[in-house]
Amino acid sequence: MSSLSRELVFLILQFLDEEKFKETVHKLEQESGFLFNMKYFEDQVQAGEWEEVERYLSGFTKVEDNRYSMKIFFEIRKQKYLEALDRQDRAKAVDILVKDLKVFASFNEDLFKEITQLLTLENFRQNEQLSKYGDTKTARSIMLVELKKLIEANPLFRDKLTFPAFKASRLRTLINQSLNWQHQLCKNPRPNPDIKTLFTDHTCASSNGTRPPPPTNAPLAGPVPKSNVFPPLGGCGPFQPVVSPPPSAIAGWMSAANPSMPHGAVAAPPGLVQAPSSAAAFLKHARMPPGGPGIDYQTVDSEHLMKRLRTSQPDEVSFSGSSHTPNISSPDDLPKTAVRNLSQGSNVMSMDFHPQKQTVLLVGTNVGDISIWEVGSRERLALKNFKVWNISACSMPFQTTLVKDATISVNRCVWGPDGSILGVAFSKHIVQIYMYSQAGELRQHLEIDAHTGGVNDIAFAHPNKQLSIVTCGDDKTIKVWDAAMGHRQYTFEGHESAVYSLCPHYKENIQFIFSTAIDGKIKAWLYDSLGSRVDYDAPGLWCTTMAYSADGTRLFSCGTSKEGESHLVEWNESEGAIKRAYSGFRKRSLGVVQFDTTRNRFLAAGDEFQIKFWDMDNTSMLTSTEADGGLPASPRLRFNKEGSLLAVTTSDNGIKILANVDGQRLLRILETRAFDGARGFPEAVNVKPSVVGSLSPIPNVSTSISPIPIQQPMSLLASMESNRIADVKPRIIENSDKIKGWKFPDISDASQLKSLKLPDPLTPSKVLRLLYTNSGVAVLALGSNAMHKLWKWQRNERNPSGKSSSSNVPQLWQPTNGALMSNDISDVKVTEDPIACISLSKNDSYVMSASGGKVSLFNMMTFKVMTTFMPPPPAATYLAFHPQDNNIIAIGMEDSSIQIYNVRVDEVKTKLKGHQKRISGLAFSQSLNILVSSGADAQLFVWNIDAWEKKKSRPIQAPPGHPTPLVGETRVQFHNNQTHLLVSHESQIAIYDSQLECLCSWYPRDSLASPVSTTIYSCDGTLVYAGFCDGAVAIFDAESLALRCRISASAYISSFSSSTTSNPAFPVVIAAHPSDPNQFAVGMSDGAVHVMEPSESETKWGGGSTSQENGNASGGGLPANPSSSALNGSQPSETPSRPQKWRSRYLNLGRANPPLKMPMLLSSFPDLNLVIGRTFSSSGFRLFDSGVALGSGDRRKFCPVINASSSSSSYSNISSFPKDYSELLQQAKQATQMALNSNKQLMEIEFPTAGLESVPGDGEGGIEMTGSMMLMREFCDLLIAPEKAKRTRIFFPEANEATFARNSAFEGSSLKLDYLTKPSFFEDFGFVEKVNITDRVNPEDQLFLVAYPYFNVNEMLAVEQLYKQAVASNDSRKLVIFNGELDRIRSGYYPPFFYPKLAALTETFLPKMETVYYIHNFKGRNGGVLFRCYPGPWMVLRKVRNKYICVHEQETMPSLKQVALEILPSA
């Protein structure tokens, strides 16, 4: 049922209720299932009307729907059963037992037996669990409390518990409006119409055949009818007038008005009144105001009305919106010359030029910063980092969102009409409004918690002749706010998807708003409460923005579809139809295309790494510019008001300013002028007096800047914009195979690159699979002998980050037990073509692989096999994890099938068949919801991952002259944008789209004539690395497959000579570094592994050193002007060109007023211990890296630098932040041992298991618990001596988990494994007590460890019971909770109303606990870590260049909310 039909049901419910049809109301509630009337439900329960209670419930849920529903029905039937027993009505009780309660026996037979036994008791209160049962009324009241909780928690009742808010008698109002409109359609309208029926359309019959004059001043209708009474239908019944703009207001899409038409009281059909004659056909299907019934007006009446509205006009009429003055601009007037580069430092998301000052640019970034630039002088006039001004005034959902993820981005920033005010819309909930003075000062004005979710656009408008703020958001609404006080004035609802963009405008003094949503709907709104006046589909049906030309007479829109097709069109306002569509976009745009207009003649859009221009009157592209290269795939852009400057975003977090001749002249004038150093605007040389004529729109009311693509929860859009770095295009392209300025396009000597052959004392074997760990500190290889080899880089002075590098030699790592990690190949036949597959967990803690035998799951810390599955035949040939559920794995098989396997339940869900030969590649696309497979048959298949059905298949294209069909292994990999697919075969490298259309391809030739052996994307998606069977490696541009660089085998293989052997070593597999796009590793056919990087003189493959602009590296992201550097809180920076060993670094640990202009190197301290952690004198010296002090005007305590590469800190009680899990477990062990020595009885250890920098939710479902189990085993081996193992008991959350641990991670351990709960359906309903956990505690038990007790609420309550009954009274016993996620309880995650016992733990249990080891990460612009290692203090750390800096410390634990919203933002 559509949303309008659903709203109609609510209108009918309101009418029935007002008319006192009570039974009918509840019948409709139940049958429609739209509204659950809790009051009615409570009344029926209290009255004991059990049949009606269940009948009413049946409209919303059934017993078997979910756990909540089952509990609801059980509670009701249990109460009915107990009441029958209480009345001694045994026959009725038996009937209830058999008919109503027996259904629950299938879930738990013991439950049914227990209930049945109540029949044998003289009084059921003799049962201990029911001994407190009181009278019937009290029992019903108690049950109602429980039922309300269950209903409110049941997702099936979501959005059904509250009646929508709208005015009384709304249905009557709509009927009156319809009658009023029908009266306007009358050929002979009477001043006092006679309404006799609602069954047919109203018409007025003229008594003498003449047409009476229409009323000019009086409204058509009388007073508003009473709320509960329809206006009389006979005689001269009054109509409810609709207060709306005159019929001349919003015609066609806002055409010119007929001055002779009087102002009536009723608006004509929204969007259709006063259209030109060409709109006749369109007007035959006029739209009613939303909420009213959809009436198809008769053609004759519609045409007659339009004739009546145009009586004073000739047939050919020129409207202001349909004809345009001749353009006198020339294409040479377009700004195409790059004249400025501004380094913003963060990804630019939105820009807007000042409406009066032509060279002042407002910029918003992806980390929430806003900047104001004077582009003429390259000076940053203002910078504001994101900060919530008043968190207490914000909604709880917003506060909760910030605590979970502090990441926030600017979605849109825009100037007000006169430039004295500006607005910023953020990706989460709020907008901030600043006042801007001529002195250049930004002053906080308003902070509005505007929308639930992201605020996607913001604009200024002038309804009712006062300045207002218009916003739209993910909550599908548009809201209008008073710009002076921030009061909400209007809320417009009607979109069915997140609202993407706004375009406020006005015509003939009528203010209106266009809005677009991500479902492609365009709507128009007047400033009233009557709903949208226009409802059209935008081309592409996805992300669309709209903008008027500068004179307000022409309307354009630009949008991109989900498939990447872009559409730039002009609209015919009269007909609401597309007037012209502009051509010139690539077939598949790589992002959402942004556009702008200028000079009432030109359009510009960012597409295909360039800026494209059109003449408004010509659909063909006029010209384009690459702006000297460096643009992203879909750059954002913004003209200044005069069109002489164009700001364009770059791929290196910067902005390019393009100018025409006038713009260049303007900038030269500004450069030669002397500024007084103040932060105000430059003088009025760049100001042109504004000319406002009769057609001129209010400045900045109709803006054409395009908002950024909406972030979460809009996951489809995020797929196109998630990684902007991946859109980088080479700077200057000469032809398809050569790039200008390459120093070494052909690398043949070892001096031309950095390469390292990894040491390997073991027997070499052909490397079949190779990958980097996700942390980038190790390389893992799988050989043809089924042996895994792991190389780890160590932290040291030369390599402080510990990341992999060709400059540092790693060690071939093995656990202390000397174990090797080998796959089971006992039943595998030896072949010349061995198969292997491998996949690594996100937290690097386990690896899954196979070498023709069973699939094995290995512990990466111990090399032990945790479990095996999927024995052959057939053998597994490829592994890929499901993107939404990492318990699901797609496994390619040797028999050409694909098995979808659930690891957790050890079950094959389905088998996909279609390939003819074995599977050689699998790739998931989360955004497209597909799996792409490839095989040795050279076929590609696309599978839908919801129903696991084949969508499409095709063979890869054969090169010219190559025999067909192709055969041989084919590999696939999705680009970061999740839409482009890299396909490689020995005959080619190709890029395909999701429809399996080949976008571009490359075939071996010339110096790269050997077959392709392997390919992979670089981590940022800008490069493709390829290996060849002659030993060569090539680097291609990922967009065009243009060859960027060739590395011959002689450059990295010592003593290589192809003539010495008929089978030279060649790369079998390539692995790309996870964070360095210019580092890769190759696994060779001779068993060697090489790591390669560009030479010291190069910064990237195929290019020279990064150019310097304004004293900054183009990618550095730091502004040249010291006044706007990191001292103002942006980023750390280095003093340039200092040869000294020590470097001074900025770090903004607090407010500095005034900010320092330049860093000041004062001295080096030989003894760091003397000064670290102290409060300095008034000079404010602070110690930074390597004993360097900086001058500051601030007095505060400074915390030390915590270097992850050092083993200890100079602060005696502070441990260094761990570099990996091995070091973490050692620290946790030492901290726990110290706490035990201090006789602490109750302890907590908490750290992330999905990676040291991960946050809750980053893990892989149930596998995250498995990783935690493995780490706990390692911790126990470190902490517990063998002789104490039998005195240690480990409790897992429930019995099945304990069994799983005993058979995997704890196999062979002498530790006692136990469980906290043994869930049963019976216990959940409260009829039996939970098993007393202390019954399983033995007298000799001394140490209890509890593993991750957070899966359900009963587990933590069982821990409290264990502590109270077995630990608290025995000083020799200790209890350690391992990764219990107790922050959920501390933060109020469990509402006390629903979980009173759990909430009580914050007062009774948690205060007794000592947190001995703790790590909690915070992501986002103000990211950091809350860290504690007993007995040290609690510290808030921030990572700066691979070192953790302490920005705050205290003795007690701060709340996560305090860290996220107070400490980190102010640090």
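Here, the structure is the one placed above.
Keep in mind the model is a prediction, meaning the values are calculated, not measured.

Peer 1: What's the story with the overall build of the protein chain in this structure? I'm lost.
Peer 2: The number of helices and strands found in the protein chain is 22 helices and 75 strands. In the protein chain, which comprises 1467 residues, the share counted as buried stands at 56%. Long-range pairs, those at least 24 residues apart, make up 58% of the contacts in the protein chain between residues at least 6 apart in sequence. For the protein chain, the exposed surface amounts to about 60900 Å²; the carbon and sulfur share of it is 50%.

Peer 1: Can you walk me through the sheet that holds strand 60 (residues 1089-1094) in this structure?
Peer 2: Within a sheet, each strand pairs with its neighbour through backbone hydrogen bonds, oriented either parallel or antiparallel. Within the open sheet, the four strands sit side by side as 32-60-59-58. Their pairing is antiparallel. Edge positions in the sheet fall to strand 32 (753-757) and strand 58 (1067-1072), since each has one partner strand and no second. On average, each strand axis in the sheet is tilted by 25° relative to the strand beside it, whichever way the strands run.

Peer 1: What should I look at first to understand helix 9 (residues 170-185) in this one?
Peer 2: Owing to its 3.6 residues per turn, the α-helix aligns residues three or four sequence positions apart on the same side. Here helix 9 contains 16 residues, and its C-alpha end-to-end distance of 23 Å stays within 8% of the 22 Å for a straight helix at 1.5 Å per residue. Counted residue by residue, helix 9 has 14 buried out of 16 residues, so it is predominantly covered.

Peer 1: I would appreciate a short explanation of the environment of Ser-841 in the present structure.
Peer 2: If you trace the backbone, Ser-841 turns up in the loop between strand 38 (837-840) and strand 39 (846-850). Sequence-wise, Ser-841 and Gly-1267 are 426 residues apart; in three dimensions their C-alpha atoms are separated by 9.2 Å.

Peer 1: Help me out: how do you make sense of the side chain of Thr-773 in this one?
Peer 2: With respect to the helices, strands and loops of the structure, Thr-773 is situated in the loop between strand 33 (767-772) and strand 34 (778-783). With residues up to four places along the chain from it excluded, the contact list for Thr-773 reads Ala-778, Leu-840, Asp-844 and Pro-1074.

Peer 1: Honestly, the environment of Arg-1438 in this entry has me stumped. Any pointers?
Peer 2: With respect to the helices and strands, Arg-1438 occurs in strand 74 (residues 1434-1440). Measuring from C-alpha to C-alpha, the distance between Arg-1438 and Asn-1417 comes to 9.8 Å, with 21 residues separating the pair along the chain. The residues contacting Arg-1438, other than those within four sequence positions of it, are Asn-1422, Gly-1423, Lys-1443, Tyr-1444, Ile-1445, Val-1447, Leu-1464 and Ala-1467. Only 3.1 Å separates the side chain of Arg-1438 from the backbone oxygen of Leu-1464, close enough to count as a polar contact.

Peer 1: Teacher, can you tell me more about the packing of helix 5 (residues 67-86) against helix 6 (residues 90-101) here?
Peer 2: For any two helices packed against each other, one specifies the crossing angle of their axes together with the interaxial distance. Between helix 5 and helix 6, whose axes approach to 8 Å, the crossing angle comes to 165°. In terms of orientation, helix 5 and helix 6 fall into the roughly antiparallel class. The hand of the helix 5/helix 6 crossing is left-handed. Where helix 5 abuts helix 6, its residues Phe-74, Arg-77, Lys-78, Lys-80, Tyr-81, Ala-84 and Leu-85 lie against Arg-90, Lys-92, Ala-93, Ile-96, Leu-97, Asp-100 and Leu-101. Split by residue class, the contact of helix 5 with helix 6 holds eight nonpolar, no polar and six charged.

Peer 1: What should I look at first to understand the sheet that holds strand 28 (residues 654-659) in this one?
Peer 2: An order of 1-28-27-26 is seen for the four strands of this open sheet, with the pairing classed as antiparallel. Since the sheet does not close on itself, it has two edges, and those belong to strand 1 (337-343) and strand 26 (637-639), each with one partner. On average, each strand axis in the sheet is inclined to that of its neighbour by 20°, with strand direction left out of account.

Quick notes on the rules
- Residues numbered from 1 in each chain as written.
- Predicted model: local features only at pLDDT ≥ 70, side-chain atom pairs only at ≥ 80, totals over all residues.
- Heavy atoms only, no water.
- Helix = DSSP H or I, 4+ residues; strand = E, 2+ residues; numbered from the N terminus.
- Buried < 20%, exposed > 50% of the residue type's maximum accessible area, 1.4 Å probe, protein only.
- Contact = heavy atoms within 4.5 Å.
- Areas by Shrake-Rupley, 256 points an atom, 1.4 Å probe, with all protein chains shown as cover.
- Pairing = 2+ DSSP bridges.
- Axes fitted to C-alpha atoms, helices over the stretch in contact; angles between N-to-C directions.
- Expected span 1.5 Å × (residues − 1).
- Polar contact = N/O pair within 3.5 Å; in protein donor to acceptor, adjacent residues only side chain to side chain.
- Parallel < 35°, antiparallel > 145°, perpendicular 65-115°, else oblique.
- Left-handed = near helix turned anticlockwise from the far one by under 90°.
- Nonpolar A, V, L, I, M, F, W, Y, C, P; charged D, E, K, R; others polar.

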